[in-house]
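# Breakdown of the fold
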Amino acid sequence: MNNQIDRRNFISSSAAAGAGFMIANKALAQAEGKKDINIALIGAGVQGQVLMNAILKLGKNSGVKFRAVCDIWEKGNLRRVSRILTAYKRYGHKGTAYVDYQEMLEKETDLDAVLIATPDFWHARHTIACFEKGLHVYCEKEMSNSLDDAKNMVLAGRKAGKLLQIGHQRRSNPRYIYCNDKIINEANLLNRITNISGQWHRSRAACVDLGWPKGSDIPVETLKKYGFDDMPQFRNWRWYKGKGGGPIVDLGSHQIDVYSWFLGNAVPSSVMASGGVDYWKDHEWYDNAIAIFEFPTKKGLVRATYETLTTNSSNGYYELFMGDEGTLLISESAGRGEIYRESWVEESKWDPAVQKGLVTLEKASVKAETKAGDDEVDVRESATPALYRMPIEMKDPYHQPHLVNFFESIRGNQKLNCPGEIGYETAVMVLKVNEAIAAGRKIELKPEDFKV
Amino acid sequence: MATVYELYISNEDEDYARQGAQAAFAEVDRLESEMSRFISNSDISRLNAALPGQVVDLGIDTFECLMRAKEMFEKTRGAFDISIGALYDCWLDENRSLREPSLDEVRKASELTGLELFKLDDDDFCAEVLVEGVKFDLGGIGKGYAAEKVAEILKEWSLEQSLVLAGASSVLCVSVPDGMNGWPVRLRNPDQPSDILIRFDLKEGAISGSGRKKGQHIIDPRTIEAGPVEYSSGAWALAQDAITADALSTAFMMFTDEEISDYCLANSGTAAIIAPLDGRLNPADPAFKKFGQFWESC
């Protein structure tokens, strides 16, 4: 990337954009000798481990201490995570292992907060049980596979007077915050956004069913107790109705949440969609889904498309915001961020944003040089839009800023970037996609459908 | 890393072996996101961006890998060095062609090279860079580290009878399939790939190869001011584990024959093959050198 600003400037610009919390907060927790936030993890699978590692990398002075971990897969997830936490004993972490979350909540009496990374259909029960014990909750998306349950999670949090952060981690990613605050709002480089598109495509190889090592099976009675028919269903719950919601929920949710956020937390007035179990065998949820939303905004209607595939990974994952003067392409994937000026828009219009350091010009537009009054016309290649970059990089593990935002909100220093109410709006958007596919028709939505 | 991993697994249940392989590949992806210098929020990128005095908290894997890198730096007396980024920037231009650096540039590169330039805190899984601008690259050892982690997963899945290939240049034998003497391995002449230098059965441990492609330059971090060294066109190292083999094949490209011979004598289970600079080779060619006891039983 050209015109990269140096490290010191990066720190100041990212702090200005709302990042850099980590450095500040570590110093804060250390300097003020604050009471530790004691946490537990329920659900120690891949996502739970991602959250745990992001927290461990906050270091020994983070002021956040693991006390316990709970997972029903004793010989798999639970063993692995408990072992890692034990290795971090010197940081003050403890990996007391539980299979039963109720037993954990009874015995671990000094908890302040719980991270929940279980299958979607367990989120509401786990979250509400934690609120009933007076604990704050960080719950992975999707909030729930049922909107009634998602609503109950928000209500239980309000009743307990405790925080509920939903794991749409892009909401705390400094690059995304920068795009929303600086590029879209402050500099208004896109002008009126008319369309959004986005995708998360994965290769067939990335989507084959997960197995488990011989001898590590969960006892059948435990599986049944926790709502699973057998090990294959436990390992691949995302594909089953009543358990997860398929790729539109697993992946699309993150990105459709950003659609809404960048439109000023707008909610759509309708959704139509197509999808099906076209490729994979023995799956219940749609292995490909394509959705179209209509978002009424103050500046006018925005049409947004979203697509997720499990057979071809072409172009990976990104979100593309198209305005009548510019385009923003952003992805959580490291380094992907491009801003294009429409060829007809004069360079001078974007110069103030460049002078302020909000964006840097990487490649100027190539334009025909015919001027008004010329009696001949230059004929050459089509004009290409100028490419600009944002002077900000994601330097922390992806989920770390969102977790820090949760912990700092518990300490009263920040406000949640994705409270349950916002998570609910996103849950409505993606669960309605599945509903629209099943119904085979456009579903109209009212603003009150998004309220708890 | 940014490399391709392949697994050979001997098991009667193909679907089960495939699922185990999938779990192993997922581990490689995870390690890549922790250790790649091409990923802006990896541990290594965070370490490379850190200012002197700033403590960088690392994941266990990166920490372990850095510990092993330090150990191999010491064992090879500085020939294997993960801090050689500045050194290469000094001697090579953007196209990786040789350039003539000024004395001042060489001095500066030398100040930014060496593992004494960072501290690893054994108690706290963190590192601290002591000089600004040191560039770490786990490329030479991360591959082997990931291969070892893949082997752990395969063992967990009871798929021990397997072979891990990392980027075609490192091979780790987890264990030998029933009825076989070992995993058949062949080494080719880097200058003439149609020439097979040697074939043998790998019964345990790992072998790693380093080669110098045409026009490629190798700088010895122990003699920075001397510029590129040219001892051999290829070096292979055998060792008990893939991390050691990876580090040694890099170091052996810079070692003299005597140094390699001494190393193999002092470290049992280590062996080497060195291909000389130019020309067609065959195993009978005296220029094709073997070191270590391993070859006596081969």
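Throughout, residues of each chain are indexed from 1 in the direction in which the sequence is written. Labels are handed out in written order, letters beginning with A for the chains and numbers beginning with 1 for the ligands. Totals for whole chains, interfaces and linings use every residue, but because this is a predicted model, local features are given only for residues with pLDDT of at least 70 and side-chain atom pairs only at 80 or more, for both listing and counting.

On to the overall build of chain A. Helix and strand definitions follow DSSP, with helices as H or I runs of at least four residues and strands as E runs of at least two, each counted in order from the N terminus. Helix and strand counts for chain A stand at 14 helices and 16 strands. Both definitions apply: the radius of gyration is a C-alpha atom measure, and the globule rule equals 2.2 Å times residues to the power 0.38. Computed over its C-alpha atoms, the radius of gyration of chain A comes to 23 Å, within 12% of the 22 Å expected for a compact globule of 452 residues. Dimensions of chain A, computed from C-alpha atoms along their principal axes, come out at roughly 85 × 55 × 45 Å. Once C-beta atoms are placed from the backbone, each residue is buried if 20 or more other C-beta atoms lie within 10 Å of its own, exposed if 12 or fewer, and partly exposed for counts between those two. Within chain A, buried positions represent 48% of all 452 residues.

Moving on to helix 6 (residues 139-156) of chain B. Each α-helix turn comprises 3.6 residues. Residues three or four places apart therefore point the same way. Residues and elements named next belong to chain B. If you check helix 6, its first and last C-alpha atoms are 26 Å apart, about what 18 residues at 1.5 Å a residue would give, namely 26 Å. Taken across its 18 residues, helix 6 has 15 buried, putting it largely inside the fold. Ser-158 sits one or two positions beyond helix 6 and adopts a positive phi of about 55 degrees. Expected helix span is computed as 1.5 Å times (number of residues minus one).

On to the interface of chain B and chain A, then. One widely used convention gives an interface's size as the accessible area the parts lose upon coming together. Contact residues are listed per partner, giving 19 residues for chain B and 22 residues for chain A. Of all the secondary structure elements, the ones that give two or more residues to the side of chain B that touches chain A are helix 1 (14-35) and helix 2 (43-49) of chain B. Residue contributions to the side of chain B that touches chain A peak at four residues, all from helix 1 of chain B. We call Asp, Glu, Lys and Arg charged. Ala, Val, Leu, Ile, Met, Phe, Trp, Tyr, Cys and Pro are nonpolar, and the rest, Gly among them, are polar. Each residue belonging to the side of chain B that touches chain A can be placed in one class, and the counts come to seven nonpolar, seven polar and five charged. Our contact criterion uses C-beta atoms placed from the backbone: two residues qualify when those atoms are within 7 Å.

All right, on to the nonpolar core then. Take the buried Ala, Val, Leu, Ile, Met, Phe, Trp, Tyr and Cys residues, join any whose C-beta atoms are within 7 Å, and the set you get is a nonpolar core. Judged by nonpolar contacts, the single largest core of 114 residues is most densely connected at Ala-40, Leu-41, Val-114, Val-137 and Ile-183 of chain A. Examining the composition of this core, we find that 10 residues originate from one element, helix 14 (residues 420-439) of chain A, more than from any other. Per the annotation, domain bounds derive from an automatic or database assignment of domains. The residue makeup of this core includes at least three contributed by each of domain 1 (18-169) and domain 2 (172-396 + 420-450) of chain A. In contact with Ala-40 of chain A, other than residues within four places in its own chain, are Arg-67, Ala-68, Val-69, Cys-70, Met-104, Glu-108, Leu-111 and Val-114 of chain A. Tyr-145, Ala-235, Ala-239 and Ile-273 of chain B belong to the second-largest nonpolar core, a separate cluster that totals 83 residues.

What follows deals with the pairing of strand 15 (residues 386-389) of chain A. All names here are of chain A. Of the two faces of strand 15, the one lined by Ala-386 and Tyr-388 is fully buried and the one lined by Leu-387 and Arg-389 carries no buried residue. Where strand 14 (residues 360-363) lies against strand 15, three bridges are found, and the strand directions are antiparallel. What sits directly across from Lys-363, in strand 15, is Leu-387. Following DSSP output, two strands are said to pair if at least two bridges run between them.

To continue, consider helix 4 (residues 74-87) of chain A. In this model, helix 4 of chain A (14 residues) spans 18 Å end to end at C-alpha, consistent with the 20 Å of a helix rising 1.5 Å per residue. Buried residues along helix 4 of chain A sit against helix 3 (46-56), strand 2 (64-70) and strand 3 (96-98) of chain A.

So, about the sheet that holds strand 2 of chain A. All names here are of chain A. Taken in spatial order, the six strands of this open sheet run 3-2-1-4-5-6, and their pairing is parallel. Edge positions in the sheet fall to strand 3 and strand 6 (164-166), since each of these pairs with one other strand and no more. In this sheet, neighbouring strand axes are inclined to one another by 25 degrees on average, regardless of whether the strands run parallel or antiparallel. With four bridges joining them, strand 4 (residues 113-116) and strand 5 (residues 136-139) adopt parallel strand pairing. The residue of strand 5 that forms the bridge with Ala-113 is His-136. Each axis is a line fitted through C-alpha atoms, and for a helix only the stretch in contact is used; angles between axes span 0 to 180 degrees, taken between their N-to-C directions.

Turning next to the packing of helix 7 (residues 147-160) of chain A against helix 14 of chain A. All names here are of chain A. Contact geometry of helix 7 with helix 14 gives a least axis separation of 10 Å together with a crossing angle of 180 degrees. As far as their axial angle goes, helix 14 and helix 7 are roughly antiparallel. Listed contacts from helix 14 to Leu-147, Ala-150, Lys-151, Met-153, Val-154 and Gly-157 of helix 7 are Gly-420, Glu-421, Tyr-424, Ala-427, Val-428 and Leu-431. Split into classes, the residues belonging to the contact of helix 7 with helix 14 amount to eight nonpolar, two polar and two charged. Here the angle decides the label: under 35 degrees means roughly parallel, over 145 means roughly antiparallel, 65 to 115 means roughly perpendicular, and every other value means oblique.

On to the pairing of strand 5 of chain A, then. Residue and element names in this part refer to chain A. By the alternation rule, side chains of strand 5 split into His-136 and Tyr-138 and Val-137 and Cys-139, which are all buried. Whether a crossover is right-handed depends on one test, that the path from the first strand over the helix to the second runs clockwise when the strands point away from the viewer. For the crossover from strand 4 across helix 6 (residues 120-132) to strand 5, the handedness is right-handed. Pairing of strand 5 with strand 6, which is carried by three bridges, proceeds in the parallel orientation. Following the sheet pairing, Cys-139 is matched in strand 6 by Ile-166. Between the parallel pair strand 5 and strand 6, the chain is carried across by helix 7, and the sense of this crossover is right-handed.

For the rest of this paragraph, the subject is the packing of helix 6 of chain A against helix 7 of chain A. All names here are of chain A. Taken N-terminus to C-terminus, the directions of helix 6 and helix 7 make an angle of 10 degrees; their axes are 9 Å apart at the nearest point. When the interaxial angle is binned, helix 6 and helix 7 end up roughly parallel. Touching His-123, Ala-124, Thr-127, Ile-128 and Phe-131 of helix 6 are Asp-149, Ala-150, Asn-152, Met-153, Ala-156, Gly-157 and Ala-160, all from helix 7. Grouping the amino acids of the contact of helix 6 with helix 7 by side-chain chemistry returns seven nonpolar, four polar and one charged.

Residue and element names in this part refer to chain A. The domain architecture assigned to chain A consists of domain 1 (18-169) and domain 2 (172-396 + 420-450). Using C-alpha coordinates to define each centre, domain 1 is positioned 27 Å away from domain 2. With 25 residues of domain 1 in contact, the opposing surface of domain 2 contributes 30 residues. Looking at the side of domain 1 that touches domain 2, the elements that each hand over two or more residues are helix 4, helix 6, helix 7 and strand 6. Ranked by residue count, the leading element in the side of domain 1 that touches domain 2 is helix 7, at six residues. Looking at the side of domain 1 that touches domain 2, its residues break down into 13 nonpolar, seven polar and five charged.

Now for unusual backbone geometry. Residues and elements named next belong to chain A. A cis amide bond, omega -10 degrees, links Lys-141 with the succeeding residue Glu-142. Note that Glu-142 resides in the loop between strand 5 and helix 7. Not every positive phi belongs to a glycine, and Asn-265 is a case in point at roughly 55 degrees. According to the C-beta neighbour criterion, Asn-265 is exposed, with 12 such atoms within 10 Å. Even without a glycine there, the phi angle at Asn-315 is positive, about 70 degrees. Mapped onto the fold, Asn-315 is located in the loop between strand 10 (300-309) and strand 11 (317-323).

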